[in-house]
Each structure stands twice: as structure tokens, then as C-alpha cells.
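Topology and contacts: notes
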Amino acid sequence: MAPPDGTRIGPYEILTPLGAGGMGEVYRATDSRLKRQVAIKILPPALAGDPDRLARFQREAEILASLNHPHIAAIYGLEDAAGVKALVMELVDGPTLADRIAEGPLRLDEALPIARQIAEALESAHERGIIHRDLKPANIKVREDGTVKVLDFGLAKLTEAGGTNRDDASQSPTLTSPAAMTAMGMIVGTAAYMSPEQARGKAVDKRTDVWAFGAVLYEMVTGARAFEGDDLTEVMASVLKTAPKWTALPADVPRPIVTLIQRCLEKDRNARIGDMAAARFLLTDHAALDAPLAATAPVAPVPVASTPAPRWRPIVTWALPAVVVGTGLGWLLPRRETVAPAATHLQMSVQPADQLVGSTDSVRPVRTTLAISPDGRLVVFNATRGTVTQLFARGLDRVDATPIAGTQGASWPFLSPDGRWIGFLADNKIKKVPAAGGPAVTICDVPEGRGYGASWGDDGTIVFANRFGISTVSSDGGSAIKAIAVSDAKGERLLLPKLLPGARDVMFTAIVGTDWGTASVVLQSLDGGERRILIPGGADARYVGTGHLVFMKSGTLMAVPFDVRSRQLTGAPVAVIEGVMQAVNTANTSDETGVGQFALSASGTLLYATGGVGLLREESLVWVDRKGIAQPFAAAAPAAYLGPRLSPDGRKVAVSVRSDTTRPFDVWVYDVVRGAPTRLTFDGSTWPVWSPDAKRVVYRTPAMASNLAAVSADGGGAPERITTGEFWQIPSSWSSAAGALAFLTRAPSGSNGIYVLPSAGDRTPRLFLESRFSLMHPDFSPDGRWLAYVSLESGNPEVYVQPYPGPGEKFRISTSGGFEPVWVANGREILYRSGRPEHQQFFSVAIRSLSPFSADSPQLLFEANAGEYDSTAPSRSWDVSADGQRFLLLHPIRSTDTPVTTLHVVLNWTEELTRLTAGK
């Protein structure tokens, strides 16, 4: 090991190297100020740029600074000189305990005092909530006078009171050997001294140090490691599966010390000695230490395997000199009991992502955003960081989540039954990506693009829901096959399919329109046959291997016993967790999928987000002038609104309204002067647009397969269906000059397309514009010769205008993002919005000429504060008066949701589920 460049680090002069390891290089140095020798620990150059190693380095300094104990090496300071970070520590002369053991087993009169001092050091650290996590002979120094110093707290972790880890990184201490890395993360520590929970990457507490102490004490008195192997894999297998060679313990080791070592090395940490105080008590009782093994009464042989001992196994009876200590040991050392593992409740941050993905105008997730691997070790979630939405993966043994390459724009994550693949929906396709890392692979196209959930069966079949119903495809790829169709006549939606074992029967949620009073969990075979309602009023059901279905109902996670062979419920539903987030009462009715934000692994780990169904969002309609000054729109009381549109004569407002949490939105008309409201629809209709003569309103209706219908603006007469088609349709602009209605629907390319429906003559819609990029918000110019719209072809939404009916060149109007354009009635100005919900801007673009087209640069009218005005894409969410001087906007007056940044994790939750449903 070569010294670092130069011979000084601050006031410290480097003398000679002392040692090196995965956590740093240590040198002897002289403190030029205090004229003493110290130990300097630095990170090697290859690791100095690793943020994780730097963080551990800083953490070690902080931990050592918090400890003040005669058997723990002290820290003098932390230096940062010329980019080199160094810990300045007490220089402890003398060999390491590993050096002493290399010469042969220690005598008891030497080993037990060393063990007592180690126990005192660990006990002191544990009292301060610090776990060493890498205790081993090489990290213990023994001076010539017999004083012990425990070194290298580089892997130590702070814990909360009660023993749980503050930092999730402590869930898995890490091997410093790169060979020990796995796809799940790293396991930290030294294999021969790792506790079984460390080796498995599970949560650790002070009992991990108790295990390592037992391994060190065993090695001191035998001269051999408790767990051996030819390579790392064999050593870890020995830790997990085999017992030490108890016959190697010398005959002169007192029986209390033998029992102490055995109970420190219990693989079940619930049976392990729980506190270093017990070890210190035994090691300081000289009466017990004077009673060698030969002087004690006969004892039963210690089992070699790690099979749990029976509950009734007694503590052994010792000879008279050890009776007092034996009695104490029976009290201090817990007896092993065979009990079901208790459910453990934890919390997980979604960092470094900002929050789980919300809807277009809400922070509430409206699609499945959570998934968990069958073994419960890997969590996948759909989140947004900055402006990028993608999938993130996080092992339960890791502190941070990692973005999954190739999943930008992904939604609806789901995992394969073997946990090797992560499926998701993106770019109008079902895709999969290896959980261990690798490129994303396309499985199939999704007709109509929008999906409503997917599930991966145990035979490799994937089912997914979309606008048409439920389709299947092989996980190896191919064409999707429609298996279960929706009833267009009823405006039915089929959502959230989940395959049952055997992969031929599928559970899904069926609902008419957006009326959650009609929702049910139903069961149907992929091979055809009758559809059967399993759970009226329920949604998003999942099968649990304990013989239950869990499902959502009004923001509560419910459970009901279920016989998977007969496909029948066998008991009554019970509530198991209240307040689980569910996509009901979202801002956008088309986003109300009823999905519950929870995931359950085959191993019994539950993952969920809280939030319930939320409260109904309320807004007020407001007039805002060109300077941003707002005044109330007195005609309408606060409610949940979507897409307000002024009539051409400016006397009325058509808007979708929802005032009852149990019912969907519907279209209403308000008189601007009198305020008298008229309800036009009763079927969950949305996105109203006025006819040019202000006598009719056209809208999208789920009662007609989300096609378009028109009705008299005074509420008289029956609705008239004006379009037919297999895809959703959203009306946007109706122009008498153009003689057409512009609306959005799916284009042949698979992306959104702008279609026009002639007002007279051949009423067949025709495609005006399609693009592989999303298109939104078409709006006719007053003379009907131009169409403004929004395209994402630049990567951001921007406003363009294009001649109608064409052909002709398009012109970009916005310069730094824009959406929801509106032509002013005089045809000489286009207004649009820009920015994000947290900071919106309103712009004006003056039109100099329409033939040829020429426009000025955008001019900022005013800016809006965070959350001041809502946007309700995909349809325009504001409108402009005929003179262009006032804007009708949605102003939120009650915010009910906050971004989801924390997830709840329950280990062994199926034990709790079984208990809660017992006898139901």
C-alpha cells in the first residue's frame, strides 16, 4: 500500500501504512500541533468519488464522535485537505485479535477478559442506538496491557429507540467484496461473522452484533472460525444452514460460557440473547468462570442442525458454584419458541423520485403504481422526478430507489410470477424489462392505446384491459386476442384484470360509465361462459394464497375467504385496513379506475399507500381579466367542474358538474345573468361544446360507448347520437364558417388524431390531422380557415396553427410551451396557457395576417400562483369572452390530496390477514 500523494494531510504528517481494507486505507501519522501519533484513515482514490463511500466515511466520523468509551477507539477529527477526506483517530498499538488468534487458541484467562471488554464496548454503543454490523477479530485491537479497543465503525448504523433502523440502508449491511454483489443490491459485512438476517439482506438490530460477538468468542477459545467454507458462497451457506462444531470447544470452558456462545449463535434471532448486558453479566461473574465444564453436571448434547428446539427445553442444571449464574442466565437468555412470525409495519420513502404518478390534474394516482416481487424483496413503483415519469425499483434492503432504464412514460407495472420480469404499459404497447436489468422488450400493441391494468399468469399468459374489454397475449410476444368484450350499449368499462391460479379464469372490475354505485368484482373464464358477480360494490380484487380475496371498497382494503378450487366465496367480507388510497373522486372522471394503491407478494409482504377515496374536489368558476384580476362568477355555486364553455352569444355557460361524491359528472347549463341552472344529461357525460347557434350542446357520453351526442341547450328533447366508432371521442370546437365539428379520437397511427364531422351533407367524420405525437385542443378560427391545436412533437406541448381544410404549412405560435389555445372572436388574436400547475402563464399572440399567415411573438398577459387555476386536459378547461377581455377559469377552493411520497410496508401481513378473518 503506497502513501497518498504528498506526505501531509493538513497538520498531519504521514509516516507509514498500517493496513487497508474495503472501507479505507489507514496510516500512522504525526500530529504536528499536539506532538502525538495518530491513525489517519482515508478513502483510496478509486473510491473517493463514490458518494456512497463518502457518506459512509462521514457517518463513521459522526458515529465515533458520539461514542466515548475506554474500549472504543476515539476520533480526534475529520480533515478535508486537497480533496482528500481523512478520519483522524486514536492510534492503538498492539496486534489485532485476528493476529493473536492466528497464533492459536487463547487461554481462558486471556480470552474471557477480552470478551468482557468487547461486550462492554458493544453495550455502550447499543445504548446510544448504534449497531457496529462488522464486528470481527480484525476490527479489535489488544494492547500489551490487555486493554481492548473496538475499531472500524464504518458500517455502523443508528437505530431508533426500540431497535428499528433509522436509515433503510441498514436493512442490509454490505459485503465489501464486489463478488458479493447481486442484482438485488449488496450485503454488507464479513461473511464469517454475519448474522443470518444480514446474509439474507433483512433488517438488522443489536442482535446482529450479539451474533458476531458469539462468533468472535467461539474463535478465541477454539482457534477456528465458527462458520467455514472454501469460498464466500459456502461460508454464507454455513451461516444460514449449519451449526458450529460444538465439540471443538475446550473442556475447560465453563458451562455458562458454552451456553452463552450457543445462545449468541442462535439462527432465529428471537431465540438469540437479546442484549450485550447478559453477556457482560456472565463474563464478570468470576464464580461462574471458575467452574470449568468438567465440574458441571452432565448436559444433553447440543444439536448440530439449526432445527428449533422444543418449547419445553430447560436450561441445564449446573453444579453448586454456578447455581447463581445459572439462575440469572435462565432469566437473561430467552427460550426458543415456535411461533408464527409477527406482522412488522415499516415505512418506505419513494425517493429519489418526487412522488407517485398522479392524474392529469391531481396528485392522486389513478392507475396501478405499485408492484412487488413474489419473494417480497423488490418493490417497483411508477413515479415522477422533475418532468420525467418512469418506473423505479427498490429492494427492501436498499435506502434508495433506482430508475429502471427504458421505462420512461410507463404506467400499470406488474411482475411475472417468477419475479424475473417487470411488465408495464408505455407508448401504446405492453412491454417487459428484466428485473435484473436490461433493455425493454415489446410484447404487443394495445388497441386504442389506453390500458386499464394487466396481470401475468402462471402459464405465461398476460391479460390486459382497454377500451374494448379484456385481451390476452403470450408473455413471449405476439398479437393480442380479445377475450372478453364490453357492452357498448350500456357504456360498460372493464378494468383491473387479475388471473387466478391456472390462468384461465380472470377477475376484473366492471362498471357502467363512471358511476361507482354500479361497480362489481366479477369472474369470467377466458374460454367463454357466463360472467358471475363475486363482490357487488367491490373493485380491484387480488387472490391471496391464504385462501382469500382482498379488494377495495370506498378506500378500505377488504378481505373475504375464497375457495380457489370451486371459485366460490366461503365467508363474509371484513375490513382489514382503512384509508388505503383508491382512484375514486379524482378530478378527471375518465381517470376514475377504482384502482387501489396496494400490492401483495406471494411471501406475504403488503405494500400500500394511504389516502382513501379523497374528498370531492371543489372549485369556483371565476372571471379573470387580462391583468390577472379575478372576480366571482356568481351564477354557479362551488362544485367539481370540468371544461367550462361560454355560448357564442356569451349568455350561458355549459360545464360538467359533480356535486355528489356518489354520482358521476354530468353536463349542466348556467345562465350568466340569472344563474338558473339546467341539467342536460344524466349518464356521466363530460366535455360540452356549443353549437354555433347556441341552440345545442355536444358532449361525450359513456351511455353511447364514449361517442358524441347532442342535446337541446334548454334541456328539452332526447339526446341524439351524432358519431359512432370503436374509440373514445372528445369534442373540442364547432364552427359554422368551417361547417364542421372538430374532435379528438384515435388515429390510424395509434396516437390521438383530429377528426372533423361535417355539419351538413355527408355526416361521415374524416381525419384532418394525425401524428405519432400526441395532439390536443383543436380550435377553429372564426373564419373557419385555420385550426389551432397542440402537439408534443417538440417534446413539450406547443401551439400550432394549420390551414383548414388544407393543404398548407403549419406555423408554431408558442415559443416555450403552450396548451389550450383559444381564438378571440375577431380573429386577430390567439390566447393560450403555458407552464406547469405550480406556475402558469397566460399569453396573447397578435395575428398580423391570415393570408398569408403572419403572427407576432407571444406576449405575457399575467402569471398565476401555484394551484390557482385548474387544467382539466384532454379538453380545454377555460374559455374567453367574445371581446377577449375576460377569461372563465376554474379556481380550486379546497385541496384534499397531497403528493404520495411515502409507502407503507407490512412484513408477514398474511399472518395478520388470517387472524383478522378467522371465523368469518
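Just so we're clear, the structure is a prediction, and the values are computed from it rather than from any experiment.

**Some words on the overall build of the protein**
A count of helical and extended segments in the protein gives 11 helices and 63 strands. For the protein, contacts bridging at least 24 residues in sequence account for 51% of all contacts bridging at least 6. Per element, the accessible surface of the protein, about 37,000 Å² overall, is 52% carbon and sulfur.

**Considering the packing of aromatic side chains**
Per the stated rule, a full pass over the model turns up 19 aromatic pairs. Arranged with centres 5.8 Å apart and planes meeting at 10 degrees, the rings of Phe381 and Phe392 form a pair that is stacked. Taken together, the residues Phe381 in strand β16 (residues 378-385) and Phe392 in strand β17 (residues 388-395) connect sequence positions 11 residues apart. Residue Phe392 is classed as buried on the basis of its relative accessible area, which comes to 2%. Residues Tyr789 and Tyr800 carry aromatic rings whose centres are separated by 5.9 Å and whose planes lie at 20 degrees to one another, so their mutual orientation is stacked. In this pair, Tyr789 sits in strand β53 (residues 786-791) while Tyr800 sits in strand β54 (residues 798-803), placing the two residues 11 residues apart along the sequence. Both residues of the pair, Tyr789 and Tyr800, belong to the buried class.

**Let's talk about helix α7 (residues 255-264)**
When you tally the buried positions in α7, you get 10 out of 10 residues, the bulk of the element. The set of residues buried in α7 consists of Arg255, Pro256, Ile257, Val258, Thr259, Leu260, Ile261, Gln262, Arg263 and Cys264.

**Digging into the confidence of the model for the protein**
Here the protein averages 81 in pLDDT, and 82% of its residues register 70 or above. Low confidence marks residues 159-189, where pLDDT is under 50. Its contacts with residues over four positions away, or in another chain, come to 92 contacts. For residues 286-338, every residue scores under 50 in pLDDT, and the model assigns this stretch 81 contacts once sequence neighbours within four places are set aside.

**Notes on the sheet that holds strand β48 (residues 730-735)**
Read from one edge of the open sheet, four strands run β48-β49-β50-β51, paired in antiparallel fashion. At either margin of the open sheet sits one strand with a lone partner, and together these are β48 and β51 (766-770). Along the sheet, successive strands turn relative to each other by an average axial angle of 30 degrees, direction set aside. Bridging between strand β50 (residues 752-758) and β51 involves four bridges; their strand directions are antiparallel. Opposite Tyr755, over in β51, you have Leu767 as the bridge partner.

**With respect to helix α6 (residues 232-241)**
Within α6 the residues assigned to the buried category are Val235, Met236, Ser238 and Val239. Looking down the long axis of α6, one finds its buried residues gathered within 155 degrees of arc, a one-sided arrangement. In α6, those exposed residues whose orientation departs by more than 90 degrees from the buried face are Thr233 and Lys241.

**As for the sheet that holds strand β25 (residues 469-474)**
Spatial ordering of the open sheet is given by β23-β24-β25-β26, a layout of four strands whose pairing is antiparallel. The sheet is open, and its two borders are formed by β23 (451-456) and β26 (481-485), each paired with just one other strand. Ignoring strand direction, the axes of neighbouring strands in this sheet form an average angle of 25 degrees. Direction of pairing for β23 relative to strand β24 (residues 461-466): antiparallel, over a ladder of four bridges. Directly across from Gly451, in β24, lies its bridge partner Asn466.

**Some details on the pairing of strand β40 (residues 640-646)**
Counting buried residues along β40, seven of its seven residues qualify, which places the element largely inside the surrounding structure. Pairing between β40 and strand β41 (residues 652-658): five bridges, direction antiparallel. Residue pairing in the sheet places Leu646 in a bridge with Val653 of β41.

**Some points on the pattern of salt bridges**
Pairing between side chains of opposite charge can happen when the charged atoms of each approach one another. Applying the stated criterion across every chain, the model contains 31 salt bridges. One salt bridge connects Lys498 with Asp540, and the closest N-O pair in it is separated by 3.9 Å. One end of the pair, Lys498, is in strand β27 (residues 492-499); the other, Asp540, is in strand β31 (residues 539-544), with 42 residues separating them in the sequence. Judged by relative accessible area, Lys498 falls into the buried class, the value being 16%. Among the salt bridges present, the one from Arg504 reaches Asp527, with a minimum N-O distance of 2.7 Å. Remark: Asp527 occurs in the loop between β29 (515-525) and β30 (532-536) and Arg504 occurs in the loop between β27 and β28 (505-512); sequence separation between them is 23 residues. Taken together, the salt bridges that share partners define one network made up of Glu90, Arg143 and Lys149.

**Describing the pairing of strand β58 (residues 839-850)**
Bridge analysis of β58 against strand β60 (residues 859-864) gives five bridges, and the strand direction is antiparallel. Considered in β60, the bridge of Phe843 is made with Leu860. In this structure, β58 lies alongside strand β59 (residues 853-855), joined through three bridges in antiparallel fashion. Paired with Ile847 across the strands is Ala855, a residue of β59. Taken together, β58 and the strand that follows it, β59, pair antiparallel across an intervening segment of two residues.

**What about the side chain of Ser735?**
Relative to the helices and strands, Ser735 resides in strand β48. One polar contact links the side chain of Ser735 to the main-chain amide nitrogen of Ala737, over a distance of 3.3 Å.

**Let's talk about unusual backbone geometry**
Here the bond from Tyr804 into Pro805 is cis, since omega is 0 degrees, no more than 30 degrees from zero. Along the chain, the position of Pro805 falls in the loop between β54 and β55 (811-812). Following Gly806, the chain continues into Pro807 via a peptide bond in cis, with omega recorded as -5 degrees. Within the secondary structure layout, Pro807 lies in the loop between β54 and β55. With a phi close to 55 degrees, Ser554 is a non-glycine residue in the positive phi region. Mapped onto the elements, Ser554 comes out in the loop between β32 (548-553) and β33 (556-563). Backbone geometry places Arg567, a non-glycine residue, at a positive phi of 60 degrees. For Arg567, the position within the fold is in the loop between β33 and β34 (568-569). Taking the relative accessible area as the measure of exposure, Arg567 reaches 14% and is therefore buried.

**Description of the nonpolar core**
Within the largest apolar cluster, 59 residues are counted, with the highest numbers of intra-cluster contacts made by Leu97, Ile118, Phe213, Leu217, Met220, Leu260 and Ile261. Residues Leu425, Ile443, Leu495 and Ala510 belong to the second largest nonpolar core, which totals 35 residues.

**Some details on the packing of helix α3 (residues 108-127) against helix α5 (residues 206-222)**
One way to put it is that α3 packs onto α5 with a least axis distance of 10 Å and a crossing angle of 170 degrees. With respect to α5, the axis of α3 lies roughly antiparallel. Residue-level contacts link Leu108, Ala111, Leu112, Ile114, Ala115, Ile118, Ala119, Leu122 and His126 of α3 to Lys206, Asp209, Phe213, Val216, Leu217, Met220 and Val221 of α5. Considered class by class, the residues forming the contact of α3 with α5 number 13 nonpolar, one polar and two charged.

**What about the packing of α5 against α7?**
Running from amino to carboxyl end, α5 crosses α7 at an angle of 135 degrees, the nearest separation of the two axes being 8 Å. Taken together, α5 and α7 sit at an angle that is classed as oblique. Of the two possible hands of crossing, α5 and α7 adopt the one that is left-handed. Between α5 and α7, the contacting residues are Val210, Trp211, Phe213, Gly214, Leu217, Tyr218 and Val221 on the first element and Ile257, Leu260, Ile261 and Cys264 on the second. Considered class by class, the residues forming the contact of α5 with α7 number 10 nonpolar, one polar and no charged.

**Focus: the environment of Arg772**
By secondary structure assignment, the location of Arg772 is in the loop between β51 and β52 (775-780). On the basis of relative accessibility, which here comes to 69%, the residue Arg772 falls in the exposed class. When the C-alpha atoms of Arg772 and Leu792 are compared, they prove to be 9.3 Å apart, with 20 residues separating the residues in sequence.

**Re the environment of Leu607**
Here Leu607 is to be found in strand β37 (residues 606-608). Note: C-alpha distance between Leu607 and Gln347 (260 residues apart in sequence) is 9.3 Å. Apart from the residues lying within four places of it in its own chain, the contact partners of Leu607 are Leu370, Ala371, Val379, Gln597, Phe598, Ala599, Leu903, His904 and Val905.

Cut-offs applied
- Along each chain, residues carry numbers from 1 onward, in the same order as the chain's sequence is written.
- Selection of residues for local features in this predicted model requires a pLDDT of at least 70, selection of side-chain atom pairs for listing and counting requires 80 or more, and totals for whole chains, interfaces and linings are taken over all residues.
- Based on all heavy atoms of the structure, the side-chain values leave hydrogens and waters out of the count.
- Going along the chain from the N terminus, every DSSP run of H or I of four or more residues is numbered as a helix, and every run of E of two or more is numbered as a strand.
- Residues count as neighbours in contact if any of their non-hydrogen atoms are within 4.5 Å of one another.
- The method behind every accessible area is Shrake-Rupley, applied with a 1.4 Å probe, and residues are considered shielded solely by the protein chains displayed.
- Any two rings among Phe, Tyr and Trp, with Trp reduced to its six-membered ring, count as a pair given centres within 6.5 Å; such a pair is stacked if its planes are under 30 degrees apart, edge-to-face if over 60, and tilted if neither.
- Exposure categories follow from relative accessible area, calculated using a 1.4 Å probe and restricted to protein chains: below 20% of the type maximum is buried, above 50% is exposed, and the middle band is partly exposed.
- A residue's pLDDT is simply how confident the predictor is in it, with values from 0 to 100.
- At least two bridges found by DSSP between two strands is the condition for calling them paired.
- Axes here mean lines fitted to C-alpha atoms, for a helix over just the part in contact, with angles spanning 0 to 180 degrees between N-to-C directions.
- Note that the arc is defined by the directions from the helix axis to the C-beta atoms.
- Salt bridges are defined as contacts in which a side-chain nitrogen from Lys or Arg sits within 4 Å of a carboxyl oxygen from Asp or Glu.
- Pairs of N or O atoms are called polar contacts if they sit within 3.5 Å, as long as, within protein, a hydrogen donor faces a hydrogen acceptor (for residues adjacent in sequence, only side-chain-to-side-chain pairs).
- Remark: nonpolar core denotes a set of buried residues (Ala, Val, Leu, Ile, Met, Phe, Trp, Tyr, Cys) joined through side-chain atoms within 4.5 Å.
- The scheme is simple: roughly parallel for angles under 35 degrees, roughly antiparallel for over 145, roughly perpendicular for 65 to 115, oblique for anything else.
- Note on residue categories: nonpolar means Ala, Val, Leu, Ile, Met, Phe, Trp, Tyr, Cys or Pro, charged means Asp, Glu, Lys or Arg, and polar means any other residue, Gly included.
- A clockwise turn of the near helix away from the far one marks a right-handed crossing, whereas an anticlockwise turn of less than a right angle marks a left-handed crossing.

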